[in-house]
Structures are given as C-alpha cells and as structure tokens.
Amino acid sequence: GYYLSANPYVALLLFGIPAGIAGPMYLGPTFALTQTLVKPRMRALASAILLFVMNLIGLGIGPWFVGFASDALAPRFGAESLRWALVSIVSVGNLWAALHYFLAARTLRVDLLLKDRAN
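Residues numbered from 1 in each chain as written. Predicted model: local features only at pLDDT ≥ 70, side-chain atom pairs only at ≥ 80, totals over all residues. Heavy atoms only, no water.

### A few points about helix H4 (residues 81-106)
Condition: The numbering of helices and of strands both runs from the N terminus, where a helix is a DSSP run of H or I of at least 4 residues and a strand a run of E of at least 2. Helix span, expected: 1.5 Å multiplied by one less than the number of residues in the helix. Residue exposure (1.4 Å probe, protein chains only): buried if accessible area is under 20% of the type maximum, exposed if over 50%, otherwise partly exposed. Should any heavy atoms of two residues lie within 4.5 Å, those residues are considered in contact.
When the terminal C-alpha atoms of H4 are compared, their 38 Å separation across 26 residues agrees well with the 38 Å that a helix rising 1.5 Å per residue should span. When we look at burial in H4, the residues that qualify are Ser81, Ala85 and Val87. Structurally, H4 contributes buried residues whose contacts are with helix H3 (43-77).

What follows is the structure, encoded as structure tokens:
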C-alpha cells in the first residue's frame, strides 16, 4: 500500500504503522534464536555473521536489484517503473523470507534438543 498510494499522507500513514512498527519485528526472534542455537562463546561471532549477511543482502544486493528491475520495467511502466520494481521486489522478497523461516521452523525442535544435549 505504501508504494502504491497516490496520496502522500496516506503513504506516510501506511509506512509509519505497518513498515515502521511491524517491519522490523522479525529481528528480535531472529537474534534470540541465533543466540540460543550457538554456544555462549560463539554468540558474538554468530551475531556478527548474521548482521553481515543481512546487511550484505539488504544494503548491498537489494538496492542493486531494485535498480535492475526498475530499468527492466521502464519500457512498460515508464516513470512508474521504480514504484513497480519496489512493489515486486519487496513482495517477492518477503514471501521468500517467510518460506525460509517456515523451512527453518520445521527443524527447530530437533535443533534445540541437539543443542541441549551437546551442553
């Protein structure tokens, strides 16, 4: 809705509530689970690797891919190509991330049991 809104006030409202509040909600469980699944002496390294990969994708590959998609969509959408590139990349990216969280959750109980037995 944020990317598709023609009214700037509606866009800010849609950005502020869902994206600003609900958008980063995955971070707490992700870091907590990362800390839980590794040994205490490995927690700093696990967090560093997690932050590195998240930033590599989000700040490195993400903007490049949106620009590439915008250029590819320009013949069809013209000046609106950036809007549609963002809509498609964010939608597909969120669905892809949700799929990976779902796949990881399938083995979580076993992973936690194995971690407890190793300690």
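Additional details are given in the paragraphs that follow.
### Notes on the environment of Ser91
With respect to the helices and strands, the residue Ser91 is situated in helix H4. A relative accessible area of 38% means that Ser91 is categorised as partly exposed. Sequence spacing of Ser91 and Gly58 is 33 residues, and the spatial spacing of their C-alpha atoms is 14 Å.

### Examining the packing of aromatic side chains
The condition is simple: Ring pairs shown here join Phe, Tyr and Trp side chains whose ring centres sit within 6.5 Å, with only the six-membered ring taken for Trp; geometry is labelled stacked below 30 degrees between planes, edge-to-face above 60, and tilted in between.
Across all of its chains, the model carries six aromatic pairs by this definition. Residues Phe77 and Trp84 carry aromatic rings whose centres are separated by 5.7 Å and whose planes lie at 25° to one another, so their mutual orientation is stacked. A relative accessible area of 33% places Trp84 in the partly exposed class. Linked through ring pairs, Tyr2, Tyr3 and Phe15 together constitute an aromatic cluster.

### Looking at the pattern of salt bridges
The condition is simple: Any carboxyl oxygen of Asp or Glu that lies within 4 Å of a side-chain nitrogen of Lys or Arg is treated as forming a salt bridge with it.
This model, assessed by the stated rule, comprises one salt bridge. Arg83 serves as the salt-bridge partner of Glu80, at 2.6 Å between the closest nitrogen and oxygen. Take Arg83: its relative accessible area is 26%, and that puts it in the partly exposed class.

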